[in-house]
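Close look at the chain arrangement
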Amino acid sequence: MDKRTGRRPNVVFFLADDMGAWALHCAGNDDIQTPNLDKIGEKGMCFDNFFCASPVCSPARASILTGTMPCRHGVLDWLDGGNLDRENPFTWGKLEFAKETRPIRYLEGLTAYTDLLAQAGYQCGLCGKWHLGDSLQPQHGFTDWYTIARGGCGYYHPEIVENGQVRYENRYVTDLIGERARELVRQYAGQERPFYLSVHFTAPHDPWDADQHPREYLDRYADCAFTAAPERPYHPNQVRTCQHGTGERRKELLRGYYAAITAMDHQIGLVLEELERQGVLDNTLVIFTSDNGMNLGQHGVWGKGNGTFPQNMYDSSVKVPMLMMGPGITPPGRVCGQMFSHYDLFPTLCQLCGVECRTRQPLPGRSFVPWLRDPDREQDAPVVVFDEYGPVRMIRRRDKKLVLRYPYGPNELYDLERDPGEEENLYGRPDYEALVLELGRELDGWFLRWADPGFDSRCEAVAGTGQHDRPGSYASMTDRYGEKPGYVEA
């Protein structure tokens, strides 16, 4: 909140789909063209050590909204069901809807930060991917609802949800999402109340084939060297969860991935222009991040956390871009090297918007507002980030990373100062036993504190192939937490 005027800031939250931190130009990728994201970094702040809570879409998105880990909110894998009712005629005869039986509100009973913003008077709108169940109906404080039916779609033949109905559109989905976002900016700018707008692109998620993206963007990468995406032999644990290829096929797919990002960047620029045209940019907090990271050859992997089985926790899977810009909120052109996670966003947004952080579920994160104002500020305690993907858990300090795969392994330990590329697994070496025990105790203690005590995601059969119902051991969130908020985050 602006202390001078007492006004709450508007918030525009841009969310990419499967964009690794390595794919951001202002973070060091000279191959990719993202002039509008570069401007956000120039006028605001770039975080170069920001992490998702889980390296796959639905769990990561649920953690952003609720500020909790998958072992608390119960979305453990990408959702392959619970989006539509099997009686909906749109699903009939379509193989991709085979696991759709009934709409499930996976976050029911939990507090999303959009619930708190709406209760505080914000107008909340969603444009783009939801992928957290019951796609046809607005949830968690959103009143404007323009999304897609499932977690993915073709770029030129997307399944669009609007006014409780689903239909096909024969246009480029990135353009559709950007256009609706601009419409809502025009609508909201004329109101007295502040607004929150989620703009959730499907880009740069696959498909990346040449017929999926406009030629004007593909041609920009006709001669690209793709130096940030190494060509390596496939990882021995590679599985077929996304497109992949070698030789010319590799280049075609990379062109599609990069083109999707540049097309998204163009729409982001148009939304920023609309904010300025409507006279509200000076009171708008702009955020850009991605739900999770992505490998396109890093470590020989194509895909995110479920690009391998068992799932991986490489930095290229868990590290995400994070840009924030807001007059009086961030100094221009600064880089913050401190480590933060998506579960820190909830308390941060509450503080910036002057909203009491009152939730049904406990929140493990903490506000990083002090670092928005002073990115060189020292942390008052050792900072550690945690990730999970079903039975795989990670603890990462600035200099060390431990990955435990329950119950059978293989486990991993990396010395990130000496080996930032995570090439040498030190787990099992006698001289590192004490460190493994120390990190393991810290990992177990943290999850013991923040996981649901009646639920352990390590015991669920999460293989990275999708989730189409609530976990078998997980009761209704409303039953677990009751109807009224009962936890206050300091």
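Below, the structure is looked at part by part.

Criteria and cut-off values
Per chain, residue numbering runs from 1 following the sequence as it is written. Local features in a predicted model are, by the rule used here, given only for residues with pLDDT of at least 70; side-chain atom pairs are given and counted only at 80 or more, and totals for whole chains, interfaces and linings are based on all residues. With hydrogens and water excluded, all non-hydrogen atoms of the structure serve as input to the side-chain values. Working definition: helices are DSSP H or I runs of at least four residues, strands are E runs of at least two. Numbering for both runs from the N terminus. This radius of gyration counts C-alpha atoms alone. The globule rule is 2.2 Å times how many residues there are, raised to the power 0.38. Any residue under 20% of the maximum accessible area for its type is buried, any over 50% is exposed, and the rest in between are partly exposed; the area is computed with a 1.4 Å probe on protein chains only. We call two residues contacting when some pair of their heavy atoms lies within 4.5 Å. The accessible surface values rely on the Shrake-Rupley method and a 1.4 Å probe; as for residues, cover is taken only from the protein chains in view. Counted as positive: Lys and Arg. Counted as negative: Asp and Glu. His and the chain ends are not counted at all. To locate a charge, take atom NZ for lysine, CZ for arginine, CG for aspartate or CD for glutamate. A 3.5 Å cut-off defines polar contacts: any pair of N or O atoms within that distance qualifies, except that in protein one atom must be a possible hydrogen donor and the other a possible acceptor, and neighbouring residues in sequence count only when both atoms are side-chain atoms. Only the stretch in contact is used when fitting a helix axis, every axis being a line fitted to C-alpha atoms; angles between N-to-C directions are given from 0 to 180 degrees. Roughly parallel means an angle under 35 degrees; roughly antiparallel means over 145; roughly perpendicular covers 65 to 115; every other angle is labelled oblique. Note that Gly is not counted as nonpolar here; it falls among the polar residues with everything else outside the nonpolar set of Ala, Val, Leu, Ile, Met, Phe, Trp, Tyr, Cys and Pro and the charged set of Asp, Glu, Lys and Arg. Aromatic pairs are defined between Phe, Tyr and Trp rings, using the six-membered ring for Trp, whenever the two ring centres lie within 6.5 Å; interplanar angles under 30 degrees are classed as stacked, those over 60 as edge-to-face, and all others as tilted. To estimate how far a helix should reach, multiply one less than its number of residues by 1.5 Å. Of all possible arcs, the one meant is that of the directions from the helix axis to the C-beta atoms. DSSP-based pairing: two strands are paired if at least 2 bridges between them are found. Nonpolar cores are built from buried Ala, Val, Leu, Ile, Met, Phe, Trp, Tyr and Cys residues. Side-chain atoms within 4.5 Å join them into one set.

On to the overall build of the protein. Across its full length, the protein carries 12 helices and 20 strands. In terms of overall dimensions, the protein is globule-like: its C-alpha atoms have a radius of gyration of 21 Å, near the 23 Å expected for 490 residues. Dimensions of the protein, computed from C-alpha atoms along their principal axes, come out at roughly 65 × 55 × 50 Å. Sorting the 490 residues of the protein into buried and exposed places 64% on the buried side. Looking at the protein alone, contacts between residues at least 24 apart form 72% of all its contacts between residues at least 6 apart. Within the structure as shown, the protein displays about 18,700 Å² of accessible surface, and the carbon and sulfur contribution to it stands at 48%. Separation between the mean location of the 53 positive side-chain charges and that of the 69 negative ones in the protein comes to 3 Å.

Another point: the side chain of Thr-111. Summarising the element assignment, Thr-111 is placed in the loop between helix 3 (70-73) and helix 4 (113-119). Thr-111 sits in the buried class, given a relative accessible area of 6%. Here Arg-360 takes part through its backbone nitrogen, which lies 3.0 Å from a polar atom of the side chain of Thr-111. Those residues within four positions of Thr-111 in sequence are excluded, and the remaining contacts are Leu-65, Thr-66, Leu-116, Phe-346, Arg-358, Thr-359, Arg-360 and Gln-361.

Once that is clear, we can look at the side chain of Thr-348. The topology assignment puts Thr-348 in helix 9 (residues 345-353). Those residues in contact with Thr-348 that sit more than four places away from it in its chain are Arg-366, Ser-367, Phe-368, Val-369 and Leu-372.

A word on the packing of helix 1 (residues 35-43) against helix 7 (residues 247-277). Pairs of packed helices are described in terms of their axes, by the angle between the two and the distance that separates them. As a packed pair, helix 1 and helix 7 sit with axes 7 Å apart at the nearest point and diverge in direction by 55°. Relative to helix 7, the element helix 1 lies oblique. On helix 7, the residues that touch Pro-35, Asn-36, Leu-37 and Ile-40 of helix 1 are Asp-265, His-266, Ile-268, Gly-269 and Leu-272. Residue composition of the contact of helix 1 with helix 7, by class: five nonpolar, three polar and one charged.

Here we take up the environment of Glu-424. Residue position: Glu-424 is located in the loop between strand 19 (412-415) and helix 11 (433-450). Exposure remark for Glu-424: the relative accessible area of 32% places this residue in the partly exposed category. Put simply, Glu-424 and Glu-412 are 12 residues apart on the chain and 9.0 Å apart in space, counted from C-alpha to C-alpha. Ignoring anything within four residues of it in the chain, the contact list for Glu-424 reads Leu-413, Tyr-414, Arg-418, Asp-419 and Arg-429. Side-chain polar atoms of Glu-424 contact the side chain of Arg-418, separated by 3.2 Å.

Let us now look at the packing of aromatic side chains. Following the criterion strictly, the structure yields 28 aromatic pairs and no others. Between Tyr-113 and Tyr-196, the aromatic rings sit 5.7 Å apart at their centres with planes inclined by 80°, giving edge-to-face as the arrangement. Pair noted here: Tyr-113 is in helix 4 and Tyr-196 is in strand 8 (residues 195-200), with a separation of 83 residues, a long-range link. On the accessibility criterion, Tyr-113 (2% relative accessible area) is buried. Take Tyr-196: its relative accessible area is 0%, and that puts it in the buried class. Each ring, one from Phe-386 and one from Trp-446, has its centre 4.1 Å from the other, and the planes form 10°; the classification is stacked.

A separate point is helix 11. Helix length check: helix 11 (18 residues) gives 26 Å between terminal C-alpha atoms against 26 Å at 1.5 Å per residue, within 8%. Of all the positions in helix 11, only Leu-435, Val-436, Leu-439, Gly-440, Leu-443, Trp-446, Phe-447 and Trp-450 are classed as buried. Around the axis of helix 11, the buried residues are gathered within 130° of arc, so they sit on the same side. In helix 11, the exposed residues that point more than 90 degrees away from the buried face are Ala-434, Leu-437, Arg-441, Leu-448 and Arg-449.

Turning next to the pairing of strand 6 (residues 159-162). Side chains Glu-159 and Val-161 of strand 6 all project onto a buried face; the interleaved residues Ile-160 and Glu-162 project onto the opposite face, where all are buried too. Bridge count between strand 5 (residues 144-148) and strand 6: three bridges; the pairing is antiparallel. Directly across from Ile-148, in strand 6, lies its bridge partner Ile-160. Across four bridges, strand 6 lies against strand 7 (residues 165-168) in antiparallel orientation. Bridge assignment links Val-161 to a residue of strand 7, and that residue is Val-166.

Time to look at the sheet that holds strand 17 (residues 392-396). Reading across the sheet, the four strands line up as 16-17-18-19 and stay open at both edges, with antiparallel pairing between neighbours. Since the sheet does not close on itself, it has two edges, and those belong to strand 16 (385-389) and strand 19, each with one partner. Taking the axes of each pair of neighbouring strands and ignoring which way they run, one obtains an average angle of 10° across the sheet. Bridge count for strand 16 against strand 17 is five bridges, and the pairing is antiparallel. Bridging from a neighbouring strand, Tyr-389 pairs with Val-392 of strand 17.

Next up on the list: the nonpolar core. Of all hydrophobic cores here, the largest spans 89 residues; its most connected members are Phe-47, Tyr-113, Tyr-196, Met-324, Phe-368 and Leu-372. Broken down by element, this core gets its largest block of residues, seven residues, from helix 11. Among all residues touching Tyr-196, those that are not within four sequence positions of it are Val-11, Phe-13, Tyr-113, Thr-114, Leu-117, Tyr-122, Gln-123, Cys-124, Gly-125 and Phe-142. Grouped together as the second largest cluster of nonpolar side chains are 60 residues, Phe-14, Tyr-155, Ile-177 and Met-294 included.

Let us look at the environment of Val-318. Relative to the assigned elements, Val-318 resides in helix 8 (residues 315-318). By relative accessible area, Val-318 is classed as buried at 0%. Distance in space between the C-alpha atoms of Val-318 and Met-394 is 9.9 Å, their sequence separation being 76 residues. Once residues within four sequence positions are removed from consideration, Val-318 is found in contact with Phe-50, Phe-51, Cys-52, Pro-55, Met-313, Asp-387, Met-394 and Lys-401.

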